[in-house]
Amino acid sequence: MERLATDCLSKVRDARPLVHHITNYVTVNDCANVCICTGGSPVMSDAAEDVPGMVGLASAVVLNIGTLNPRTVESMLVAGKVANSKGIPVVLDPVGAGATEYRTACVRTILDRVKVSVIKGNAGEICVMAGMAGTVRGVDSGDAGDVAGAVKALASRHGCVVAASGPVDYVSDGKTVMELENGSPMMENVSGTGCMLSSVIGCFVGACGASAGSVASAITTFNVASEDAEKMCKGPGSFKTALMDCLFNIDPSTVGERARWNLCSNYTQ
Amino acid sequence: MERLATDCLSKVRDARPLVHHITNYVTVNDCANVCICTGGSPVMSDAAEDVPGMVGLASAVVLNIGTLNPRTVESMLVAGKVANSKGIPVVLDPVGAGATEYRTACVRTILDRVKVSVIKGNAGEICVMAGMAGTVRGVDSGDAGDVAGAVKALASRHGCVVAASGPVDYVSDGKTVMELENGSPMMENVSGTGCMLSSVIGCFVGACGASAGSVASAITTFNVASEDAEKMCKGPGSFKTALMDCLFNIDPSTVGERARWNLCSNYTQ
Amino acid sequence: MERLATDCLSKVRDARPLVHHITNYVTVNDCANVCICTGGSPVMSDAAEDVPGMVGLASAVVLNIGTLNPRTVESMLVAGKVANSKGIPVVLDPVGAGATEYRTACVRTILDRVKVSVIKGNAGEICVMAGMAGTVRGVDSGDAGDVAGAVKALASRHGCVVAASGPVDYVSDGKTVMELENGSPMMENVSGTGCMLSSVIGCFVGACGASAGSVASAITTFNVASEDAEKMCKGPGSFKTALMDCLFNIDPSTVGERARWNLCSNYTQ
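The text that follows walks through the structure, step by step, so that each part is easy to find. (Residues numbered from 1 in each chain as written. Chains lettered and ligands numbered in written order. Predicted model: local features only at pLDDT ≥ 70, side-chain atom pairs only at ≥ 80, totals over all residues. Heavy atoms only, no water.)

## Some details on the relation of the copies chain A and chain C
Relating the two copies of this chain is a rotation about some axis coupled with a shift parallel to it.
Stage number 1. When chain A is fitted onto chain C, the two copies agree to an RMSD of 0.0 Å after a turn of 120 degrees and an axial shift of 0.0 Å. Such a combination of rotation and displacement between the chain copies is what one expects of a three-fold axis. Across chain A, the smallest distance between a C-alpha and the rotation axis is recorded for A:Tyr25, namely 3.5 Å. (Least-squares fit on C-alpha atoms with pLDDT ≥ 70 in both.)

Structure follows, in structure tokens:
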């Protein structure tokens, strides 16, 4: 099964998918660079006037509400509508959903009006969105409850792939749940690794379609790179630099060989 | 006295204060990462719709006018009002005050409507705000006059702690003035080290309260890390990377041992 | 002729020009740091209320439409008008011109209302603007046609200096065309190297005036630094860090010695 990660990363490198982002201004530069290092081509544009033209050129759209405001939420709705009409997959990163009413409400509006292909949040956000025990502290995950159950419930409800990041990552398409065990604890010490992961997912669904397998492949590619970066770093500053280098240099076959995926049998009918 | 720096940094690491920022888009990513490396948890949100909910969760609020506009200034007033009503300390970084009339006017409005706990600027900004000789060149300090006198006068006028950064840093609570001698000249060669310092101060006042001692502890923590980073770097790029690493790795006891603080006796009644 | 690059960089280092930017939020931090490393002093401000005061203090203005919206385009027009009235050179980076109608229209509006001193784009953008064969893919250059012909035609039409970046860079003042051969292929693997180059050009025209020679000197300074950085790096992350270090450390005489400039005789009357 892990062989899929090798194939997906190879496809990203070949296709060089254009990934359109409407994202926050905190981590946007890292998202752009991570997108290049993965093998994609990033574009960021958030004016409603510009979005339809730019989305039309893209292979995937990433909507990240990290520093949302009414103007950019409106642009996200425009982007989602255009993407839906053209069959372009949409990745939603509901940053801070559950922390404030405004964020929760905006996520609800986006999910009501846009057919989202992938929802990727941290464990707290996903648990809150699934209506399960879980907390969000600012934009970081607080306590998480039954994460495997939450990804499955949310995926089933919205008919999409859902991923929850954390020390262990979970991915579900509403039928099965996968547990992904790669990664580095240094990820938590760098702002925006969650946002960066959404950009990596954008590259993968842009090149390989929006399946649980391509989302799991994206997460594992990023996580394997983080394991390499951890060995080269002296702290969060050099970790981030090394993460870009390692992601750029990683070989598709390495990702497949090192992937550690398990099917959560309790959650699989 | 320097022992205080050790205790304050230990408290930050234990409490992991959530620091809400309304700040500029130039240096925001570095502010977020510096906040994590210090021991805090950063959140950035500038929509008036989102700010009340987010501020309510925070231990401190940092307002930085680096790329101000009418929408974000309005959000700063909302954030300040909510913070004041809940007793959450507010740190104001008046970037470029004195360089343009608009910036000067916005700073005046914020100080009129929000009870600020700490004002942290560069020497030029603080001298201009205190009405003393001093200039601001874009967003950098120009010539500074009597900086020790300026921090004291401004602190006394607004009933808060005032810090002026520069080759030597000054901190006053309106009664005494401290001179802080740690730091690295490489700081000037990286954009946003002043903004980053305000985020570090946010972590400290969030965990230890808004006293001159906790502000001096924050400045010294950042400065001691910069001394370590200077030894590891080849230029401004690697200095910034090393600054994050060193801040993350620094031991509270080291900060206290290496702190070089003097009381400016001429300014102390 | 390459001696000019040495003299221009020396002037930048002596003058420390204040460069005002209205630019995108994706690469703005790198632009600020590159500006410092070159020898300038960056300021970013995009509120129409603040722009006139800030532009008045600047030696050059850089307008970059990477994440344009109606509010910031309006501020660009204000900035351009103030700059023109004071004889301050304006550098325009038409990011993504040709990719969407909105971007193309905004560039046209800016060129209609502001006297621009330098247009700097990638080869695709410049070819599209010159009405020649060329494509833009998101914000990256697609296929480029006759780039040397395009810079000359565009420079002649607008009475300004035009530069097109790519594996080989071209600069024209409408009469002659220069081909600049320095640089590193790693530049393409980092988001915003084009934006950074516009900031370097801002420093040079701010200190040395807006001639083809000072634009070529700026490009070559950045490119020679990139050659050094390439030797020190392990991937795009460490390349960007090294690029800042190398730009900061580069000696003006080195730039002149290593510059590889050719006059394109076919395009010179």
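## Side note on the side chain of A:Ser217
Stage number 1. Structurally, A:Ser217 is set in helix α9 (residues 212–232).
Stage number 2. Excluding residues within four positions of it along the chain, A:Ser217 makes contact with A:Leu4, A:Ala5, A:Cys8, A:Phe204 and A:Trp261. (Helix = DSSP H or I, 4+ residues; strand = E, 2+ residues; numbered from the N terminus. Contact = heavy atoms within 4.5 Å.)

## Topic: empty space enclosed by the protein
Stage number 1. Inspection of every chain in the model, using the stated rule, returns one cavity of 30 Å³ or more.
Stage number 2. Its boundaries defined by the atoms lining it, the largest cavity holds a volume of some 600 Å³.
Stage number 3. If you trace the largest cavity, you find 39 residues lining it, with A:Asp30, A:Lys240, B:Asp30, B:Lys240 and C:Lys240 closest to the centre.
Stage number 4. If you list the elements that add at least two residues to the lining of the largest cavity, you get α2 (28–38) and α10 (236–249) of chain A, α2 (28–38) and α10 (236–249) of chain B together with α2 (28–38) and α10 (236–249) of chain C.
Stage number 5. The residue makeup of the lining of the largest cavity, split by class, is 19 nonpolar, 14 polar and six charged. (1 Å grid on protein atoms, 1.4 Å probe; cavity = no way out; pocket = protein on both sides within 12 Å on 5 of 7 lines; lining within 4 Å. Points joined across faces, edges and corners; volume = space filled by probe spheres on them. Nonpolar A, V, L, I, M, F, W, Y, C, P; charged D, E, K, R; others polar.)

## Overview of the packing of α10(A) against α10(C)
How two helices sit against one another is set out by the angle between their axes and by the gap between those axes.
Stage number 1. α10(C) packs onto α10(A) with a crossing angle of 130 degrees between their chain directions and a minimal axis gap of 6 Å. By the angle between their directions, the pair α10(A) and α10(C) is classed as oblique. Of α10(C), the residues touching α10(A) (which contributes A:Thr241, A:Met244, A:Asp245 and A:Phe248) are C:Pro236, C:Gly237, C:Ser238 and C:Thr241.
Stage number 2. Its residues assigned to classes, the contact of α10(A) with α10(C) comprises three nonpolar, four polar and one charged. (Axes fitted to C-alpha atoms, helices over the stretch in contact; angles between N-to-C directions. Parallel < 35°, antiparallel > 145°, perpendicular 65-115°, else oblique.)

## Some words on the relation of the copies chain B and chain C
Stage number 1. Once chain B has been moved 0.0 Å along the axis and rotated by 120 degrees, it coincides with chain C to within an RMSD of 0.0 Å.
Stage number 2. Interface overlap between copies: only 7% of the residues of chain B at the interface are likewise at the interface in chain C, consistent with a contact formed by different surfaces.

## Quick look at the environment of B:Ala148
All names here are of chain B.
Stage number 1. By the element assignment, Ala 148 lies in helix α7 (residues 147–158).
Stage number 2. Given a relative accessible area of 6%, Ala 148 falls into the buried group.
Stage number 3. On a C-alpha basis, the gap between Ala 148 and Ala 163 in space is 9.5 Å, while along the polypeptide they are 15 residues apart. (Buried < 20%, exposed > 50% of the residue type's maximum accessible area, 1.4 Å probe, protein only.)

## Digging into the interface of chain A and chain C
Stage number 1. Contact with chain A, which involves 31 residues of that partner, is made by 28 residues of chain C.
Stage number 2. Where chain A meets chain C, there are two salt bridges.
Stage number 3. Of the charged contacts in the structure, one is a salt bridge between A:Asp50 and C:Arg103, with a shortest N-O distance of 2.8 Å.
Stage number 4. Our count for the contact surface shared by chain A and chain C stands at 15 residue pairs in polar contact (both at pLDDT 80 or more).
Stage number 5. Breaking the side of chain A that touches chain C down by element, the ones donating at least two residues are α2, β2 (41–44), α3 (51–57) and α10 of chain A.
Stage number 6. Per-class residue counts for the side of chain A that touches chain C are 17 nonpolar, eight polar and six charged. (Salt bridge = Lys/Arg side-chain N within 4 Å of Asp/Glu carboxyl O. Polar contact = N/O pair within 3.5 Å; in protein donor to acceptor, adjacent residues only side chain to side chain.)

## Observations regarding unusual backbone geometry
Residues and elements named next belong to chain A.
Stage number 1. Backbone geometry places Arg 16, a non-glycine residue, at a positive phi of 45 degrees.
Stage number 2. Mapped onto the elements of the fold, Arg 16 is located in the loop between α1 (3–15) and β1 (18–22).
Stage number 3. Overall, the relative accessible area of 38% leaves Arg 16 in the partly exposed class.

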